[in-house]
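Observations on chain architecture
Single-letter residue listing:
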Amino acid sequence: MGNRIARIIAAALLAGVAAASASRLGSIVNSFPARVNHLMPTGMAYADGYIWMMYSGGYMAKRIHPGGSVVRTFEFYPHIGSYWGLTYDGSYFWTSYNYRPPPRLLKISPPTMSVVGSYPLSKFNNPLRALEWDGKYFWISLSDVYYYVFRVTSTGSVVSSFRNSYQYAPGICYVDDLPGGPRLFELNGDVFPLTFYVYKAPGHTFDYRFYQRHTGARYPACWDGEYLWTYDNTDPGGNEYCYQLVAWEPDYAVAPASVGKVKALFR
C-alpha cells in the first residue's frame, strides 16, 4: 500500500513540475528596444558578457546585458546590400553579406572590429537569413529556400541538410551545454501563436516546442547561458524589441530528486 501511495504522489509531483514548466516556456523575462539609430536589427549574439547586434546597412552595436544600453557602435562597408545574422565562434564574429548572389560570410575580428575574411557561399543563390556556429560548422537558412536548414562549412560546402515542416527558419540558435546534449532552437514564423521548435543536434531530431504569444515576428538569436534572446524586426512604427525568453526548464532536472524524497517517506 505504501509503495502504491508513493507512486501516486511521485506521479503527481512529476505532472506538476511538467505543467509548471510548460506554462513558463516562452514567457518574457526582460526586454529592451531593438533599434539603434533608427536601424532595423538583423542579427544577435552573446559574447564576453554583452549582447552584440547586427543592423541593416552594416552597423553593429555592443549592448549591456540584460538592460540593452548601447556601449558602442561599429560601422562596416559597403552600406548597399544587407547584413543578416550574427554568431560568435569563441574568437571571431560572423555575419552574412547579401548584395548579389551568392551570399558571403564575413569574419570579424573583435579587437579591431574589422572584416578579416570574406567567403562566398557559392552553392547558394538566395539571401542568407539565419546564421549560427555550432563549434565546427555553421547552421543556415536562406530566404526562399523553403522547408530546409543547412549545416555548412565556411566555404559553403553542405555537410548536411534537414527538412522542416515550416517554410524557413528566420533564426537559429545553437546551445551546446544542455542536459542530454546540444540543442537547436528554430522559429516557425508561418503561424500564430509563433512556435519555437527545439531539436537535438547535430541530427536535427525533434525534442519539444513552445509558443510565444505576443505579436510580431521573433528571431531566435542567441543564448546567454540561461535564457534565449530573440528580436523583432517587423514593426513598421520602429517599435521592435529584443526579448529574453524562458526556453529551457531546469525544473525537469529537479524532478528525480523530488521523487527520491517521496519514496524515502514510505520506506
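Residues numbered from 1 in each chain as written. Predicted model: local features only at pLDDT ≥ 70, side-chain atom pairs only at ≥ 80, totals over all residues. Heavy atoms only, no water.

Further remarks concern the sheet that holds strand E2 (residues 41-47). What the four strands build is an open sheet, ordered E2-E3-E4-E5; its pairing is antiparallel. Lying at the two open borders of the sheet, with one neighbouring strand each, are E2 and strand E5 (70-75). Averaged over all pairs of adjacent strands, the angle between their axes in this sheet comes to 20 degrees, without regard to strand direction. (Pairing = 2+ DSSP bridges. Helix = DSSP H or I, 4+ residues; strand = E, 2+ residues; numbered from the N terminus. Axes fitted to C-alpha atoms, helices over the stretch in contact; angles between N-to-C directions.)

On inspection of all chains with the given rule, the structure shows 22 aromatic pairs. Centroid distance Tyr88 to Phe93: 4.9 Å. Interplanar angle 45 degrees. Geometry classified as tilted. One aromatic cluster is present, formed by Trp52, Phe74, Tyr88 and Phe93 through successive ring pairs. The ring of Tyr92 has Lys107 sitting right over it, with the charged end atom 4.3 Å from the ring centre. (Phe/Tyr/Trp six-rings, centres within 6.5 Å; stacked < 30°, edge-to-face > 60°. Lys NZ or Arg CZ within 6 Å of the ring centre and 35° of its normal.)

Turning our eyes to something else, we now look at unusual backbone geometry. For the peptide bond that leads from His65 to Pro66, omega is 5 degrees, which places it in the cis range. Geometrically, the link from Pro101 to Pro102 is a cis peptide bond, its omega value of 0 degrees lying close to zero. In this fold, Pro102 is placed in the loop between strand E7 (93-98) and strand E8 (104-109). Positive phi outside glycine occurs at His38, with the angle close to 65 degrees. The topology assignment puts His38 in the loop between strand E1 (28-33) and E2. What makes His38 exposed here is its relative accessible area of 73%. Of note, the phi angle at His204 is positive, near 60 degrees, even though the residue is not glycine. (Buried < 20%, exposed > 50% of the residue type's maximum accessible area, 1.4 Å probe, protein only.)

Our focus in this paragraph is empty space enclosed by the protein. Counted according to the given criterion, the structure contains two cavities of 30 Å³ or more. By volume, the largest cavity is sized at about 90 Å³. Around the largest cavity, the lining comprises 15 residues; the ones closest to its centre are Gly85, Gly171, Pro220, Ala221 and Tyr231. Those elements that place two or more of their residues in the lining of the largest cavity are E2, strand E6 (82-88), strand E10 (128-133) and strand E18 (219-223). (1 Å grid on protein atoms, 1.4 Å probe; cavity = no way out; pocket = protein on both sides within 12 Å on 5 of 7 lines; lining within 4 Å. Points joined across faces, edges and corners; volume = space filled by probe spheres on them.)

Okay, the side chain of Thr87 next. Within the fold, Thr87 resides in strand E6. Apart from the residues within four sequence positions on either side, Thr87 is in contact with Ala45, Tyr92, Phe93, Trp94, Leu131, Glu132, Trp133 and Phe138. (Contact = heavy atoms within 4.5 Å.)

Right, let's talk about the sheet that holds E10 for a bit. Across the sheet, which stays open at both edges, the four strands sit in the order E10-E11-E12-E13 with antiparallel pairing between neighbours. Of all strands in the sheet, those with a lone pairing partner are E10 and strand E13 (158-163), marking the two edges. Neighbouring strand axes in the sheet, compared pairwise and without regard to direction, differ in orientation by 20 degrees on average. By the bridge criterion, five bridges tie strand E12 (residues 148-152) to E13 in an arrangement that is antiparallel. Bridging across to E13, Val149 finds its partner in Phe162.

Bear in mind that shape data such as this cannot, by itself, settle questions of function.
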